[in-house]
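Letter by letter, the chains look like this.
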Amino acid sequence: MSHLKNKSNDLIAAAKLLDVSKLYPAVAHSAYYCCILLMKQIWLHSLHKTESDLTMQLTSTKKGTHEFLINQIGIHIKSCNTKDFLIFNRNIVQLKRLRVNADYLDNAFGMKESNSSLTLSNLIVPILQKY
């Protein structure tokens, strides 16, 4: 297993522990980054791209790493399975929104949002693990 997959597994385990500990904003952060690491795993190992390829693409597209990976991995999933793509696309956008809310916005982030973050990552992770 790659280091990225191991880290992703650790982050989802951490998200569950953080939820039990009622550290809700950290749940969204961990649940989201668990997915980002799996997307990078796909980029490097399934699509056979390199870190240099990623850097060059980010420079030429002027997109952030997360936006770029979400778009590129979405394209890859869509080319393989439209149903998986629809589930991935709908849910990763919502999970990213929750993570931004948890990490940056000056508003409450409680049990409901934490549970939503875990639910969304539980929908996304199995799809990413296929690819």
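Given the structure is predicted, the values throughout are model-derived calculations rather than measurements.

Brief notes about the overall build of the protein
Phase 1 of the analysis: Looking only at helices and strands, the protein has six helices and zero strands in total.
Phase 2 of the analysis: In sequence order, the protein lays out its α and β elements as α-α-α-α-α-α.
Phase 3 of the analysis: A compact globule built from 131 residues would reach a C-alpha radius of gyration of about 14 Å, and the protein, at 15 Å, matches this within 12%.
Phase 4 of the analysis: Taken along its principal axes, the extent of the C-alpha atoms in the protein is 40 × 30 × 30 Å.
Phase 5 of the analysis: The burial tally for the protein puts 42% of its 131 residues in the buried class.
Phase 6 of the analysis: Across the protein, the fraction of contacts at a sequence separation of at least 24, relative to all contacts at a separation of at least 6, is 67%.
Phase 7 of the analysis: Of the accessible surface of the protein, which amounts to about 7300 Å², a share of 56% is contributed by carbon and sulfur atoms.

A few points about the nonpolar core
Phase 1 of the analysis: Core analysis: the biggest nonpolar cluster contains 39 residues, and Cys35, Met39, Ile77, Phe88, Ile92, Leu95 and Leu128 have the highest contact counts within it.
Phase 2 of the analysis: Elements with a minimum of two residues in this core: helix H1 (3-20), helix H2 (24-46), helix H3 (51-61), helix H4 (65-80), helix H5 (82-104) and helix H6 (111-130).
Phase 3 of the analysis: Looking at which element gives the most residues to this core, the answer is H2, with 14 residues.
Phase 4 of the analysis: Excluding anything up to four places from it in sequence, Leu128 contacts Cys35, Leu38, Met39, Ile42, Ile73, Ile77 and Phe88.

Side note on the environment of Glu67
Phase 1 of the analysis: As for its placement among the helices and strands, Glu67 is situated in helix H4.
Phase 2 of the analysis: Here the alpha-carbon distance between Glu67 and Val93, two residues 26 residues apart in the chain, equals 9.9 Å.

Looking at the side chain of His66
Phase 1 of the analysis: If you trace the backbone, His66 turns up in helix H4.
Phase 2 of the analysis: Apart from residues no more than four positions distant in its own chain, His66 is found in contact with Tyr32, Tyr33, Ile36 and Arg99.

Points about the environment of Ala14
Phase 1 of the analysis: Structurally, the position occupied by Ala14 is in helix H1.
Phase 2 of the analysis: Separated by 20 residues in the primary sequence, Ala14 and Cys34 have C-alpha atoms spaced 9.7 Å apart.

Let's talk about the packing of H2 against H3
Phase 1 of the analysis: At their nearest, the axes of H2 and H3 sit 9 Å apart, and the two run at 115 degrees to each other. By the angle between their directions, the pair H2 and H3 is classed as roughly perpendicular. Counting all contacts with H2, which are made through Lys40, Trp43 and Leu44, the residues of H3 involved are Glu51, Asp53, Leu54 and Gln57.
Phase 2 of the analysis: A per-class count over the contact of H2 with H3 returns three nonpolar, one polar and three charged.

Quick notes on the packing of aromatic side chains
Phase 1 of the analysis: A complete count under the given rule lists two aromatic pairs for this structure.
Phase 2 of the analysis: Between Tyr32 and Tyr33 the ring centres are 5.4 Å apart and the planes differ by 85 degrees, which places this aromatic pair in the edge-to-face class.
Phase 3 of the analysis: On the numbers, 5.4 Å between centres and 75 degrees between planes, the contact of Trp43 with Phe68 is edge-to-face. Of this pair, Trp43 sits in helix H2 while Phe68 sits in helix H4, and the two are 25 residues apart along the sequence. As far as burial versus exposure is concerned, Trp43 and Phe68 are alike and both buried.

Conventions used here
Residues numbered from 1 in each chain as written. Predicted model: local features only at pLDDT ≥ 70, side-chain atom pairs only at ≥ 80, totals over all residues. Heavy atoms only, no water. Helix = DSSP H or I, 4+ residues; strand = E, 2+ residues; numbered from the N terminus. Rg over C-alpha atoms; globule rule 2.2 N^0.38 Å. Buried < 20%, exposed > 50% of the residue type's maximum accessible area, 1.4 Å probe, protein only. Contact = heavy atoms within 4.5 Å. Areas by Shrake-Rupley, 256 points an atom, 1.4 Å probe, with all protein chains shown as cover. Core = buried A, V, L, I, M, F, W, Y, C linked by side-chain atoms within 4.5 Å. Axes fitted to C-alpha atoms, helices over the stretch in contact; angles between N-to-C directions. Parallel < 35°, antiparallel > 145°, perpendicular 65-115°, else oblique. Nonpolar A, V, L, I, M, F, W, Y, C, P; charged D, E, K, R; others polar. Phe/Tyr/Trp six-rings, centres within 6.5 Å; stacked < 30°, edge-to-face > 60°.

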